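# Coordinate inspection notes
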Amino acid sequence: MSDQDRYTRIIEEIFREKYREGDRSVEFDRNDIIKAAKNLDIETPKNPGDVLYSFRHHRKPLPRIFTENAPQGMTWNIRLKGRSRYIFELLEDNPITPNKLMSETKIPDSTPGIIALYALSDEQALLAKVRYNRMIDIFTGVTCYSLQNHLRTTVKGIGQIETDEIYVGVDRRGAHYVFPVQAKSKDEKLSIVQIEQDFALCAEKFPHLICRVIGAQFIENDLIALFGFEKNEGTVRIVQEKHYRLVQPDSFSLEDDLNTYHNRSTDHWII
């Protein structure tokens with residue numbers, strides 16, 4: 001049995017044991033993961049937190065038992081609730097997906113060929129393309145610098161979280177910003193829960209910086225969607241979305257592309 005099959009069975013068992021009809025949240029902890037494995041007579045994971053990782057980060061869908069017990073228009077998510085404590089929680093089913101009607105903006109591709117050749121995953125390739133093409137700068141209108149990749153840290157009231165990349169930046173006024181970036185491949189989905197965790201990260205670790213959370217997703221290998229988020233009355237909302245096409249310089253049309261871009265309004269959600 002693969003690890004993922006074991007993890008699916010364990011998470012099903014926890015939900016089956018603890019969920020009661022009408023519940024909108026179900027709390028559990030590390031010991032429940034170990035107990036579920038023993039009840040199923042399967043090998044206990046060396047790191048129980050690994051059971052939840054792919055489900056929390058939307059790399060794998062939750063098992064059918066969750067959809068069967070979700071009201072219409074709602075979906076179950078997994079939140080952290082402190083050290084080794086978790087919660088299944090019902091949220092509005094509002095998936096974050098690229099708008100198919102969004103216009104594209106061409107950018108000369110500055111990704112070093114050797115980086116594209118040896119990237120070990122879609123996520124690595126996406127983060128590299130965003131970094132080398134200064135797409136965060138272009139998207140926000142702020143001069144940005146990559147501070148750290150795959151930051152793992154602990155946030156009070158949540159527990160350990162992971163952010164794919166952290167940028168810091170300065171604008172023309174001299175104001176300083178922090179930009180947590182969550183990156184997803186074409187087959188994955190950006191998670192509202194992860195976006196909320198990034199806001200919490202900013203509040204605790206960078207309290208004096210202006211926080212703007214960004215999501216990045218491959219649409220195609222050379223087409224990337226960037227999303228800008230804000231929290232409005234405690235709810236995460238998309239305030240900006242752009243699609244950037246990485247192209248060779250000779251792919252630009254001076255008459256068509258550049259004239260179109262020159263006539264666009266400035267709509268950065270930063271400035």
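Residues numbered from 1 in each chain as written. Predicted model: local features only at pLDDT ≥ 70, side-chain atom pairs only at ≥ 80, totals over all residues. Heavy atoms only, no water.

### What about the packing of aromatic side chains?
Short version of the rule: Aromatic pairing here means that ring centres of Phe, Tyr or Trp (its six-membered ring) are within 6.5 Å. Orientation follows from the plane angle: under 30 degrees is stacked, over 60 is edge-to-face, and everything else is tilted. Whether a residue is buried, partly exposed or exposed follows from its accessible area with a 1.4 Å probe, protein chains only, as a fraction of its type maximum: under 20%, in between, or over 50%, in that order. Criterion for a charge above a ring: Arg CZ or Lys NZ at most 6 Å from the ring centre, at most 35 degrees from the ring normal.
With the rule as written, the count across this model stands at 10 aromatic pairs. Between Phe-15 and Tyr-19, the aromatic rings sit 4.8 Å apart at their centres with planes inclined by 15 degrees, giving stacked as the arrangement. Taken individually, Phe-15 and Tyr-19 each receive the classification buried, so the pair is uniform in this respect. Feature note: the residues Phe-15, Tyr-19, Phe-28, Phe-66, Trp-76, Tyr-86 and Phe-88 constitute an aromatic cluster, connected by ring pairs. Its guanidinium or amino end placed over the ring of Tyr-145, Arg-134 lies 6.0 Å from that ring's centre, counting from NZ or CZ.

### Notes on the sheet that holds strand S1 (residues 25-29)
The condition is simple: Two strands make a pair as long as DSSP finds a minimum of two bridges between them. Every helix listed is a DSSP run of H or I at least four residues long, and every strand listed is a run of E at least two residues long, numbered separately from the N terminus. The axes are straight lines fitted to the C-alpha atoms, using for helices just the contacting stretch, and the angles between their N-to-C directions are given from 0 to 180°. We call two residues contacting when some pair of their heavy atoms lies within 4.5 Å.
The 3 strands lie next to each other as S1-S3-S2, forming an open sheet whose pairing is antiparallel. The two strands at the open ends of the sheet, each matched to only one other strand, are S1 and strand S2 (74-80). Here the average twist between neighbouring strands, direction ignored, is 25 degrees. Note that S2 and strand S3 (residues 85-92) share 7 bridges and pair antiparallel. Residue pairing in the sheet places Leu-80 in a bridge with Tyr-86 of S3. The strands that helix H2 (residues 30-39) touches are S1 and S3; relative to S1, the one it contacts most, it runs at about 80 degrees. Packing of helix H8 (residues 192-205) onto the sheet brings it into contact with S2 and S3, and relative to S2 it is tilted by some 40 degrees.

### With respect to the state of the cysteines
For clarity, the cut-off: Note on disulfides: each one is a pair of cysteine sulfur atoms within 2.5 Å.
Counted according to the given criterion, the structure contains 1 disulfide. The disulfide bridge from Cys-202 ends at Cys-211, spanning 2.5 Å between sulfur atoms. What sets the handedness of the Cys-202 and Cys-211 disulfide is the S-S torsion sign, and at about 60 degrees it is right-handed. Residue Cys-202 shares its accessibility class with Cys-211, and that shared class is buried. We note that Cys-144 lacks a disulfide partner, and the nearest cysteine sulfur, in Cys-211, lies 13 Å from it.

### Focus: a nonpolar patch on the surface
In plain terms, the rule: Patch criteria: residues need more than 30% relative accessible area and no salt bridge. Like-charged residues are merged within 9 Å; nonpolar side chains of Val, Leu, Ile, Met, Phe, Trp and Tyr are merged within 5 Å. Residue burial considers only the protein chains on display, and all accessible areas are found by Shrake-Rupley using a 1.4 Å probe. Salt bridge, as applied in this entry: a Lys or Arg side-chain nitrogen positioned within 4 Å of an Asp or Glu carboxyl oxygen.
Nonpolar side chains collect at one region of the surface, where Ile-114, Leu-117 and Tyr-118 lie side by side and expose about 380 Å² of accessible area between them. Mapped onto the elements, Tyr-118 comes out in helix H5 (residues 113-118). The class for Tyr-118 is exposed, based on a relative accessible area of 57%.

### Here's the deal with unusual backbone geometry
Trans peptide bonds make up most of the peptide bonds, and negative phi angles are found at most residues other than glycine. A positive phi angle is found at Ser-84, which is not glycine, with a value near 60 degrees. A positive phi is found at Arg-134, a non-glycine position, where the angle reads about 50 degrees. Within the secondary structure, Arg-134 sits in the loop between helix H6 (122-132) and helix H7 (135-140). Among the residues examined, Arg-134 registers a relative accessible area of 39% and is labelled partly exposed.

### Observations regarding the nonpolar core
Convention followed: Here, nonpolar core means buried Ala, Val, Leu, Ile, Met, Phe, Trp, Tyr and Cys residues that are tied together by side-chain atoms lying within 4.5 Å of each other.
Ile-10, Trp-76 and Phe-88 are the most contacted members of the largest nonpolar core, which totals 45 residues. The leading source of residues in this core is helix H1 (residues 3-18), at 5 residues.

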